[in-house]
Amino acid sequence: MRVVRLTLGVLFAVSTAVLLCAVPSFGAEPGEITVAQSGFGAHLDPHRGYGDNAHVLQSIYDGLTRLDAEGNLLPGLAESWEQLTPGTMRFHLRQGVTFHNGDELTAEVVKLNVDRMMSPSEPRQAYSFKFTGCTVVDKYTVDITASPADPLFANKISYMGIAAATLCGYPKSDQFAKTPIGTGPFKFVEWVADQRIVLVANDAYWRGAPEVRKITYRVIPELSTQISELATGGVDIVMGIPSEFVPQVQASGIVRVVPMMSTVNRVVVFRCDQPDSPLAKREVRQAINHAVNVDLIIEQILGGYAHREATVCHPTDFGFNPNVAPYSYDPNKAKELLAAAGYPNGFTVDFDYNPTSGTSGPKLTDVAQTIVADLAQVGIKANLVAYDQAAMSSRVYKARNVSPVFDFGWKTWYNDPGDTFYGLFHSQSIYAYTNNAEIDSLIIAGRAEMDRDKAREIYGKIQELLFVEAPALFLWYVDDLYAISNRINWTPRVDGRIYLYDATFY
Amino acid sequence: MLRYVVKRLLLYIPTLLGVLAVVFILTHVVGDPSVLLIQPGASREDLEHMREILGLDRPIWEQFWVFLRQALQGDFGTSFWSDRAAMSIVMERLPATAELAFASLLVALVLGIPAAILAALKRNSFLDLSISTLSLFGISMPSFWLGLMMMLVFGVWLQWLPISGRGGFDHLILPAVTLGVSMMAIVERLLRTDLLDVLSEDYVRTAAAKGLTTRRVVLKHALKNALIPTVTMIGMQLGGLLGGAVVTETVFGWPGLGRLVVKSIADRDYPVVHCAVWILAVVFISINLVVDLLYGILDPRIRYD
């Protein structure tokens, strides 16, 4: 009996201790915003590609130019710029801008940044051009040259953050993770590995002090946990809510869900580079586009939160061709096309996919299985094979031994589809499996065309050609679903960056 | 005893070398990270260049030799992704992992041992049946489910405890209880069975006949002898916990080693994977050694020759 009493005593003592110690704080402080992320990137190096730390990097660093929430080009650290020659751009810097450490922004600092971008021995952000030089003209004027000449040069370098001179001496990224110093609206406070990154307002910001005083980015890998935190006010913003969670999130009453059409297109690419494959025939590729009921998948699996694409051009992109409409769902026509191509009884093909890629991640398996079922209806037997991101990437663009049909996605930047066309469908791109001389030459011409009216025309033609040639099964652009606390006034951006400079509080 | 320890330690050398070789081969078999590190739009030259930067273009035996030479000096290189030393990335996760592992062990022992004693003493009673049923639940419940349910009740509804993250003592409670419950159930079932065996031994009856109190008989005489299988099991469980309880860490956003390893494998960040596996191997082996030495303390009949 004494043992029983002893045991109960211990249990009581422990549970009391637990409850007394537990005095958690709930709800957010005024002026502070907490953002949940499933994980952090590895660095805070603005010359290395923004990756998973994009939200943080964009808050700390400014570029010479900047893009607004809709993707329009605006002056950044440079007040103005002019094209000297096709490959050279002159930037006139804003005067009186200071870094978080008090240093002044000068042409010399910009040169150090461009030089660091050019260092050959380290991983750096890849552009469709290479920096070839940088010349300081005077204290606030700098010339940057790049090759080949790119009409979107000013847009593209908006995401190249300008770091303080003290950082540019480090070729590696590790120092940037300890003390990132930019000119941006928020200053770095701390990065606790796999837990949080904390930023505070930069009151000396050249566009004026932000209303948000402090941002905490918290790592919460599990989505259910993120949603529990939302419901109790533990976090204020979560990006990438799956559509089935929307009612539950809205029901909390303190959070709203805002859909934002992403610029990531989803396609199932066909290998057109294997002459013996059925997919080398245009009719077969068209047949597949007719065989899959894409609208039904969007409605049933994605909860309606996606927009059908005709080809890989976003409706807000420069050069979008509204005359190209998506393929109709027509299994009979698909069968006819297959018969005309010499496959009246269909064929068997492997279909590679990565179940975890993209914002509609967990659902990609459902999507892929539905596509397989639709294809079976017209006689095509597709064998689904799943790979993780690294294995899939290696198959697509290193070993280039990916199956004849594979799931892929591509994010379009700067509202310009040129790089997307090239990446997915130009025969020289390591990601592409299309061999079409006409498409190739149009893509090259469109991307390099300095006369934007002509470029618009070329892009329009590319979309018509892609539609007819059907080098992929064109699916959709998903909506990124943001859960945003009702106390915060902020709208998502087209580039998917959670940039809170313009956020205010209700 | 000292000779035994030295002998055991020497035996660990080939084991750890084997671990290094296996982890090196496994990571290199699954493909390299160059494809993940290049930016979309990169060219074939960029890809090759990335492999050069990472040293992955060199012959595999040369890579292994460099790896082995450095690893034996405790240098596992720098992370491909962050340029930080792999060792410091792994070491900064160890405190969180150890904290969670020992806290859940504490939960398991504080609840499991008394429950087992009660169940064994009141064998076949209603109490015994209740405890057995509860521990059956404890073993059967998937930890992610239990974790989410506790989060819902204590975090969302009652708002007594923080939902996720690592901070003060309050942050530790939910993940530690989640992990501790299944271990507690195992402790309870194993210890109850062994206690029942021991309680029917002659020396226990003798002790009771001498007029010792039940408490003294159970705690001094029976428990010590019944504990050996439980200690072995706890050692193995603790090794597993230090290796990271990935699921619980993920549910509660706990910044432990398990998640680091899983992420590093997905990222193909070889240096971090190598270093973490090496540290885990050392920890596991050390716990085994401690468990072996504990046998002798619990049962003086066990000799180390």
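Every value quoted in this text rests on a predicted model; they were computed, and no experiment measured them. (Residues numbered from 1 in each chain as written. Chains lettered and ligands numbered in written order. Predicted model: local features only at pLDDT ≥ 70, side-chain atom pairs only at ≥ 80, totals over all residues. Heavy atoms only, no water.)

### Looking at the domain arrangement of chain B
One frequently used descriptor of interface size is the decrease in accessible area upon assembly of the parts.
All names here are of chain B.
Argument step 1. In terms of domains, chain B is made up of domain 1 (2–86) and domain 2 (93–298).
Argument step 2. Using C-alpha coordinates to define each centre, domain 1 is positioned 33 Å away from domain 2.
Argument step 3. Taken residue by residue, the interface counts 27 residues in domain 1 and 19 residues in domain 2.
Argument step 4. Taken together, both faces of the contact between domain 1 and domain 2 bury some 2,100 Å²; the carbon and sulfur share is 76%.
Argument step 5. Contact with domain 2 buries area across many residues of domain 1, yet Tyr12, Leu16 and Phe76 alone supply 25% of it, more than any other trio.
Argument step 6. Linking domain 1 to domain 2 there are one salt bridge. (Domains from an automatic or database assignment. Contact = heavy atoms within 4.5 Å. Buried area = accessible area lost by both parts, 1.4 Å probe. Salt bridge = Lys/Arg side-chain N within 4 Å of Asp/Glu carboxyl O.)

### Observations regarding the packing of aromatic side chains
Residues and elements named next belong to chain A.
Argument step 1. Going through the model one piece at a time under the given rule, you end up with 30 aromatic pairs over all chains.
Argument step 2. Between Phe91 and Phe153, the ring centres sit 6.4 Å apart and the planes meet at 45°, which makes this aromatic pair tilted. A residue pair is termed long-range when its members are at least 10 positions apart, and Phe91 in strand 5 (residues 88–93) and Phe153 in helix 4 (residues 153–156) qualify at 62 residues.
Argument step 3. Relative to Phe131, the ring of Phe129 lies with its centre 5.5 Å away and its plane at 90°, an arrangement referred to as edge-to-face. Side by side, Phe129 and Phe131 carry an identical accessibility label, which is buried.
Argument step 4. An aromatic cluster of at least three residues, connected via ring pairs, comprises Trp81, Phe91, Tyr127, Phe129, Phe131 and Phe153.
Argument step 5. The cationic tip of Lys411 hangs over the ring face of Trp413; the distance from NZ or CZ to the ring centre is 4.5 Å. (Phe/Tyr/Trp six-rings, centres within 6.5 Å; stacked < 30°, edge-to-face > 60°. Helix = DSSP H or I, 4+ residues; strand = E, 2+ residues; numbered from the N terminus. Buried < 20%, exposed > 50% of the residue type's maximum accessible area, 1.4 Å probe, protein only. Lys NZ or Arg CZ within 6 Å of the ring centre and 35° of its normal.)

### Points about the interface of chain B and chain A
Argument step 1. Each partner contributes residues to the interface: chain B has 55 residues there, and chain A has 56 residues.
Argument step 2. Counting the surface lost from both chain B and chain A, the interface buries some 4,600 Å², and carbon and sulfur atoms represent 62% of this.
Argument step 3. Per-residue buried area on chain B facing chain A is highest for Val35, Gln39 and Asp83 of chain B; these three make up 13% of the total on that side.
Argument step 4. Arg93 of chain B is the salt-bridge partner of Asp194 of chain A, the closest N and O atoms lying 3.2 Å from each other.
Argument step 5. Where chain B meets chain A, there are 15 residue pairs in polar contact (both at pLDDT 80 or more).
Argument step 6. Of all the secondary-structure elements, those providing two or more residues to the side of chain B that touches chain A are helix 2 (34–37), helix 3 (44–54), helix 6 (94–121), helix 8 (143–157), helix 9 (169–199), helix 12 (246–251) and helix 13 (257–267) of chain B.
Argument step 7. No other element matches the seven residues that helix 3 of chain B contributes to the side of chain B that touches chain A. (Polar contact = N/O pair within 3.5 Å; in protein donor to acceptor, adjacent residues only side chain to side chain.)

### A look at the domain arrangement of chain A
Residue and element names in this part refer to chain A.
Argument step 1. Taken domain by domain, chain A holds domain 1 (46–172) and domain 2 (264–480).
Argument step 2. Computed from C-alpha atoms alone, the centre-to-centre distance between domain 1 and domain 2 is 34 Å.
Argument step 3. Between domain 1 and domain 2, the contact holds 13 residues from the first and 10 residues from the second.
Argument step 4. Counting each side, the surface lost to burial between domain 1 and domain 2 is near 890 Å², with a carbon and sulfur contribution of 66%.
Argument step 5. Run the count over domain 1 and domain 2 and you get one salt bridge.
Argument step 6. Asp419 serves as the salt-bridge partner of Lys156, at 2.9 Å between the closest nitrogen and oxygen.
Argument step 7. The interface formed by domain 1 and domain 2 holds two residue pairs in polar contact (both at pLDDT 80 or more) in total.

### Brief notes about the side chain of Thr106 of chain A
All names here are of chain A.
Argument step 1. Mapped onto the elements of the fold, Thr106 is located in the loop between strand 5 and helix 3 (107–118).
Argument step 2. Using a relative accessible area of 12% as the deciding quantity, one classes Thr106 as buried.
Argument step 3. The residues contacting Thr106, other than those within four sequence positions of it, are Leu93 and Lys139.

### Quick look at the sheet that holds strand 4 (residues 78–85) of chain A
Residue and element names in this part refer to chain A.
Argument step 1. Here we have four strands laid out as an open sheet, ordered 4-5-7-6, and antiparallel in their pairing. Of all the strands in the sheet, the pair left with one neighbour each is strand 4 and strand 6 (130–138). Averaged over all neighbouring strand pairs, the angle between strand axes comes to 20°, with direction disregarded.
Argument step 2. Of the pairings in the sheet, the one linking strand 5 to strand 7 (residues 141–147) comprises five bridges and is antiparallel in character. For Arg90, the partnering residue across the bridge sits in strand 7 and is Asp143. (Pairing = 2+ DSSP bridges. Axes fitted to C-alpha atoms, helices over the stretch in contact; angles between N-to-C directions.)

### Some words on a positive patch on the surface
Argument step 1. Residues Lys210, Arg216, Lys220 and Lys224 of chain B make up a contiguous surface patch of positive charge.
Argument step 2. Relative to the assigned elements, Lys224 of chain B resides in helix 11 (residues 214–242). (Patch = residues over 30% accessible without salt bridge, like charges linked within 9 Å, V, L, I, M, F, W, Y side chains within 5 Å. Areas by Shrake-Rupley, 256 points an atom, 1.4 Å probe, with all protein chains shown as cover. Lys, Arg positive; Asp, Glu negative; His and termini not counted. Charge placed at Lys NZ, Arg CZ, Asp CG, Glu CD.)

### Digging into the nonpolar core
Argument step 1. Within the largest apolar cluster, 68 residues are counted, with the highest numbers of intra-cluster contacts made by Leu20, Phe76, Val90, Leu191 and Leu195 of chain B.
Argument step 2. No other element matches the 14 residues that helix 14 (residues 270–298) of chain B contributes to this core.
Argument step 3. Looking at which domains feed residues into this core, each of domain 1 (2–86) and domain 2 (93–298) of chain B gives three or more.
Argument step 4. Among residues more than four places away in sequence, those in contact with Leu191 of chain B are Ile113, Ala116, Leu223, Ala226, Leu227 and Thr230 of chain B.
Argument step 5. Ala54, Leu57, Phe99 and Ile215 of chain A belong to the second largest nonpolar core, which has 63 residues in total. (Core = buried A, V, L, I, M, F, W, Y, C linked by side-chain atoms within 4.5 Å.)

### Considerations on the pattern of salt bridges
Argument step 1. Summed over the entire model, instances satisfying the criterion amount to 36 salt bridges over all chains.
Argument step 2. Arg124 of chain A is paired through a salt bridge with Asp45 of chain A; the nearest N and O atoms lie 3.9 Å apart. With Arg124 of chain A in the loop between helix 3 and strand 6 and Asp45 of chain A in the loop between strand 1 (32–37) and helix 2 (54–60), this residue pair connects regions lying 79 residues apart in the sequence.
Argument step 3. What makes Asp45 of chain A buried here is its relative accessible area of 0%.
Argument step 4. Among the salt bridges present, the one from Glu99 of chain B reaches Arg166 of chain B, with a minimum N-O distance of 2.6 Å. Within this pair, whereas Glu99 of chain B is found in helix 6, its partner Arg166 of chain B is found in the loop between helix 8 and helix 9, the two being separated by 67 residues in sequence.
Argument step 5. The structure contains a network of salt bridges with shared partners spanning Asp150, Lys156, Asp419 and Arg447 of chain A.

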